[in-house]
Amino acid sequence: MSDYQLDTNCVHGGYTAGNGEPRNFPIVQSTTFRYATGAAMGALFDLEKEGYFYTRLQNPTNDHVAAKICALEGGTAAMLTSSGQAASFYAMFNICSAGDHVVSSSSIYGGTYNLFAVTMKRMGIDFTFVEADCTPEELDAAFRPNTKAVFGETIANPALTVLDIEKFAAAAHAHGVPLIVDNTFPTPVNCRPFEWGADIVTHSTTKYMDGHAAAVGGAIVDSGKFDWTQYPDKYPGLTTPDESYHGVTYTERFGLGGAFITKATAQLMRDFGSIPAPMNAFLLGLGLETLHLRVPRHCENALKAAQFLKHSDKVSWIRYPGLPDDPCYEIARKYMPKGTCGVVSFGVKGGRAGAEKFMAGLKLASIATHVADAKTCVLHPASTTHRQMNDAELAAAGVSPDLVRLSVGIEDIGDILRDLEQALATV
């Protein structure tokens, strides 16, 4: 599928039906797979042959969808996880262990911040958070001898800051570590981070990729470009024998294009089991078929909603990278010339109370702990997704007490604007 354009890969990527086979990839709803001999199955356990033996590690339905996402991002290998949080954890834990350090942008999803700053810290992995707009010198100063990776979000949720991918990639590579980028909000329709120097891409497929709030999921895609063998002391898990798999060395057996994802599957998925159900993967695959049609509509509607909110006397401030006066407008145009996302962040006059009153007045849009699906919804992050943060951490993440995150859906824009207008009138 590498010769097809992105729009075609949305529809056809990852699966080609053979003669007399189903045109849609099938749902393989089975935990196990039968083999004629123990030796045949043993070859799978030794990673000597490809195949399936237990769905906790791999499943054909999941792999078809992972291959589609891989094609969309322009990667060499990919895997699905049961959630975006699992994808972030697996991508990081695949190369980090107790005593290691990671540099991360502070403008990231609150759940990811908590995963890094609290849960993975308990595992002995330390994180240094830097401002997304830090200078190259400030970014360089955050590295330590034990730094193993750099992390950022293409468009931060919900701060909507845009990551300077080239700046973060240059710093990461100068220190001999990969850049991991969460590309959930733009999706590969609007941005392909590998083309700007990123090495690993993650997604919460629960959002635009699924598109219908039907199935929680995540994905990890490897560019195949980072040379782990140049830093064997940093990444022994990839460059030295794995005794839990009879001494296989992932970079030798699977090359740079397959080592990272194979290790994440063979080790982490084996031990943690955060795999999506085949039915969920199938629903994600259906959503991906219209991704290239939905994302432009989200962006079109969001820009009109942002323009409307910008001129409302009930709105104190607004962030949307598609607005010409937004601080991230120019960098967004560099990395995402076709559009950014369908999410708008703004402050309602009256602070937290004003925000809550506005949301209570909405009729079409719903209050939901979700974002980036077909239906318009809103959320107050300071009291929900980011409520575990203190004031200083909220400020660093770009989340103020009055911030409302508006996820603009694909309904008629006139109906969306009328709903916003009548709800603002109650403030």
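The shown structure was predicted, so the numbers you read here are calculated from the model rather than taken from an experiment. (Residues numbered from 1 in each chain as written. Predicted model: local features only at pLDDT ≥ 70, side-chain atom pairs only at ≥ 80, totals over all residues. Heavy atoms only, no water.)

With respect to the packing of helix H12 (residues 291–310) against helix H16 (residues 413–424)
Keep this limit in mind: In this analysis an axis means a line fitted to C-alpha atoms, helices contributing only their contacting stretch, and an angle means the value between N-to-C directions, from 0 to 180 degrees. Numbering of helices and strands starts at the N terminus; helices are DSSP runs of H or I of at least 4 residues and strands are runs of E of at least 2. The cut-offs work like this: below 35 degrees is roughly parallel, past 145 is roughly antiparallel, 65 to 115 is roughly perpendicular, and the gaps in between are oblique. Two helices that cross are described as forming a left-handed crossing if the nearer one is turned anticlockwise from the farther one by less than a right angle, and a right-handed crossing if clockwise. Two residues qualify as a contact provided that any one of their heavy atoms is within 4.5 Å of a heavy atom in the partner residue. Three residue categories are used. Nonpolar comprises Ala, Val, Leu, Ile, Met, Phe, Trp, Tyr, Cys and Pro, charged comprises Asp, Glu, Lys and Arg, and polar comprises the others, including Gly.
At a closest axis distance of 10 Å, the pairing of H12 and H16 adopts a crossing angle of 30°. By the angle between their axes, H12 is roughly parallel relative to H16. Regarding H12 and H16, the two cross each other, and that crossing is right-handed. On H16, the residues touching Asn 301, Lys 304, Ala 305, Phe 308 and Leu 309 of H12 are Ile 413, Ile 416, Leu 417, Leu 420, Glu 421 and Leu 424. In the contact of H12 with H16, the residues fall into 8 nonpolar, 1 polar and 2 charged.

Some remarks on the side chain of Arg 294
We apply this condition: Any residue under 20% of the maximum accessible area for its type is buried, any over 50% is exposed, and the rest in between are partly exposed; the area is computed with a 1.4 Å probe on protein chains only. The positive count covers Lys and Arg only, the negative count covers Asp and Glu only, and His and the chain ends enter neither. The term salt bridge refers to a side-chain nitrogen of Lys or Arg lying within 4 Å of a carboxyl oxygen of Asp or Glu.
Considering the arrangement of structural elements, one finds Arg 294 in helix H12. Buried and unpaired, Arg 294 has Asp 210 as its nearest opposite-charge partner, separated by 7.2 Å. For Arg 294, the contacting residues outside a window of four places in its chain are Tyr 208, Met 209, Asp 210, Gly 211, His 212, Gly 287, Leu 288 and Ile 410.

Focus: a negative patch on the surface
Here is the rule: A residue counts toward a patch only above 30% relative accessible area and without a salt bridge, and it is joined to like-charged neighbours within 9 Å or, for Val, Leu, Ile, Met, Phe, Trp and Tyr, to nonpolar neighbours within 5 Å. Using a 1.4 Å probe, accessible areas were evaluated by the Shrake-Rupley method; residue-level cover was limited to the displayed protein chains. All charge positions are set by atom: Lys at NZ, Arg at CZ, Asp at CG, Glu at CD.
On the surface, Glu 131, Asp 133, Glu 137, Glu 138 and Asp 140 cluster together into a patch of negative charge. With respect to the helices and strands, Glu 131 occurs in the loop between strand E3 (126–130) and helix H6 (136–141). Using a relative accessible area of 41% as the deciding quantity, one classes Glu 131 as partly exposed.

Observations concerning the sheet that holds strand E6 (residues 200–204)
Keep this limit in mind: One requirement defines pairing of two strands: DSSP has to find at least two bridges between them.
With mixed pairing, 7 strands are arranged side by side in an open sheet as E1-E7-E6-E5-E4-E2-E3. Either end of the sheet is taken by a strand with one partner, and the two such strands are strand E1 (77–81) and E3. For this sheet the average axis-to-axis angle between neighbouring strands, irrespective of direction, equals 20°. As paired strands, strand E2 (residues 101–105) and E3 are joined by 5 bridges and run parallel to one another. Note that in E3 the partner of His 101 across the bridge is Asp 126. Along the sheet, helix H3 (residues 60–73) makes contact with E1, E6 and strand E7 (218–222), crossing E1 at roughly 125°. Along the sheet, helix H4 (residues 84–93) contacts E1, E2, E3, strand E4 (147–153), strand E5 (179–182), E6 and E7; its crossing angle with E7, the most-contacted strand, is approximately 35°.

Digging into unusual backbone geometry
Omega for the bond connecting Asn 157 with Pro 158 falls within 30 degrees of zero, at 10°, which places this linkage in the cis form. With respect to the element layout, Pro 158 can be found in the loop between E4 and helix H7 (165–174). Even without being a glycine, His 246 presents a positive backbone phi close to 55°. By secondary structure assignment, the location of His 246 is in the loop between helix H9 (236–239) and helix H10 (250–272).

Focus on the pairing of E6
Most of E6 is tucked away, with 5 of its 5 residues classed as buried. Neither face of E6 is exposed, since Ile 200, Thr 202 and Ser 204 on one face and Val 201 and His 203 on the opposite face are all buried. In this sheet, E6 lies alongside E5 in parallel orientation, the contact comprising 3 bridges. The residue of E6 that forms the bridge with Val 181 is Val 201. Here E6 pairs with E7 via 5 bridges, running antiparallel. Looking at the pairing, Val 201 lines up with Val 221 of E7.

Some words on the sheet that holds strand E9 (residues 343–348)
If you trace the 5 strands from one edge of the open sheet to the other, you get E8-E9-E12-E11-E10, paired in mixed fashion. Strands with a single pairing partner mark the edges of an open sheet, and in this sheet they are strand E8 (315–319) and strand E10 (366–367). Relative to E9, E8 runs antiparallel, the two sharing 4 bridges. Paired with Val 315 across the strands is Val 348, a residue of E9. Contacting E8, E9 and strand E12 (403–407), H12 crosses the sheet at an angle of about 15° to E9.

By themselves these figures say nothing about function.
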